[in-house]
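What follows is the residue order along each chain.
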Amino acid sequence: MWCKKVKFKNLFQRKALKAGMGYTVGNYFLKGISIITIPIFTRLLSTSDYGLYNTYLSYESIIYIILGMALHSSVKNARYEFKGEIDSYISSVSLLAVFNLMIFLIIGNLVSEY
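Because the structure is a prediction, the values reported are computed rather than measured.

### Concerning the overall build of the protein chain
Then, number 1: A tally of helices and strands in the protein chain yields five helices and zero strands.
Then, number 2: The N-to-C order of helical and strand elements in the protein chain reads α-α-α-α-α.
Then, number 3: Taken across its 114 residues, the protein chain has 6% of its residues classed as buried.

### Things to note about the layout of surface pockets
Then, number 1: If you add up the space inside the largest pocket, you get close to 480 Å³.
Then, number 2: Lining the largest pocket we find 10 residues, and of these A19, Y23, H72, S73 and K76 sit closest to its centre.
Then, number 3: Of the residues forming the lining of the largest pocket, the biggest block, five residues, is contributed by helix α2 (residues 15-44).

### A closer look at the packing of helix α4 (residues 74-81) against helix α5 (residues 86-111)
Then, number 1: For the pair α4 and α5, interaxial distance at closest approach is 9 Å and the crossing angle is 155°. Regarding the angle of α4 to α5, the classification is roughly antiparallel. Crossing handedness for the pair α4 and α5: right-handed. Every residue of α5 that contacts α4 at S74, V75, A78 and R79 is listed here: I86, Y89, I90 and V93.

### A word on a nonpolar patch on the surface
Then, number 1: A contiguous nonpolar patch, built from Y59, I62, I63, I66, I103, F104, I106, I107, L110, V111 and Y114 and spanning about 1200 Å² of accessible area, is present on the exposed surface.
Then, number 2: Listing elements by their share of the nonpolar patch, those giving two or more residues are α3 (47-68) and α5.
Then, number 3: With respect to the secondary-structure elements, I103 resides in helix α5.
Then, number 4: Owing to a relative accessible area of 48%, I103 belongs among the partly exposed residues under this scheme.

### Observations regarding α3
Each turn of an α-helix holds 3.6 residues, which means side chains three or four residues apart point in the same direction.
Then, number 1: An ideal rise of 1.5 Å per residue puts 32 Å on 22 residues; α3 measures up with 31 Å between its terminal C-alpha atoms.
Then, number 2: Positive backbone phi, at 55°, marks M69, one or two positions downstream of α3.

### So, the packing of aromatic side chains
Then, number 1: Overall, the coordinates contain three aromatic pairs when judged by the stated rule.
Then, number 2: Seen from their ring centres, F41 and Y53 are 4.9 Å apart, and the 40° between their planes marks the pair as tilted. Remark: Y53 occurs in helix α3 and F41 occurs in helix α2; sequence separation between them is 12 residues.
Then, number 3: For Y53, a relative accessible area of 28% gives the class partly exposed.
Then, number 4: Relative to Y89, the ring of F82 has its centre 5.4 Å away and its plane inclined at 25°; by these criteria the two rings are stacked.
Then, number 5: Here F82 falls in the partly exposed class, since its relative accessible area comes to 33%.
Then, number 6: Taking relative accessible area as the criterion, Y89 reaches 21% and is therefore assigned partly exposed.

Rules used throughout
Residues numbered from 1 in each chain as written. Predicted model: local features only at pLDDT ≥ 70, side-chain atom pairs only at ≥ 80, totals over all residues. Heavy atoms only, no water. Helix = DSSP H or I, 4+ residues; strand = E, 2+ residues; numbered from the N terminus. Buried < 20%, exposed > 50% of the residue type's maximum accessible area, 1.4 Å probe, protein only. 1 Å grid on protein atoms, 1.4 Å probe; cavity = no way out; pocket = protein on both sides within 12 Å on 5 of 7 lines; lining within 4 Å. Points joined across faces, edges and corners; volume = space filled by probe spheres on them. Axes fitted to C-alpha atoms, helices over the stretch in contact; angles between N-to-C directions. Parallel < 35°, antiparallel > 145°, perpendicular 65-115°, else oblique. Left-handed = near helix turned anticlockwise from the far one by under 90°. Contact = heavy atoms within 4.5 Å. Patch = residues over 30% accessible without salt bridge, like charges linked within 9 Å, V, L, I, M, F, W, Y side chains within 5 Å. Areas by Shrake-Rupley, 256 points an atom, 1.4 Å probe, with all protein chains shown as cover. Salt bridge = Lys/Arg side-chain N within 4 Å of Asp/Glu carboxyl O. Expected span 1.5 Å × (residues − 1). Phe/Tyr/Trp six-rings, centres within 6.5 Å; stacked < 30°, edge-to-face > 60°.

Have a look at this one:
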């Protein structure tokens, strides 16, 4: 019985487990906030306005994935692959996202009249 308690105690001392639990709690908290605000938005907005709002949120999610190229998810793996050079990797990822945004903004401004 004592051996199981020691293993269980060591399990909670690991940083990865703590970070994972914090991430999970944070995700549930964010989903909870969106569920709580649904009645507020539905009472304040008309049906068509609420539909436009949800359409905007959908477009925002899609554009975030395209413009950001989901580079934020690669940082987790890069910590283990580029142990000594993680700062330069994060800098490169950030610059790549900014350049990608600039390219899409230029293209959007050029074709906005059409």
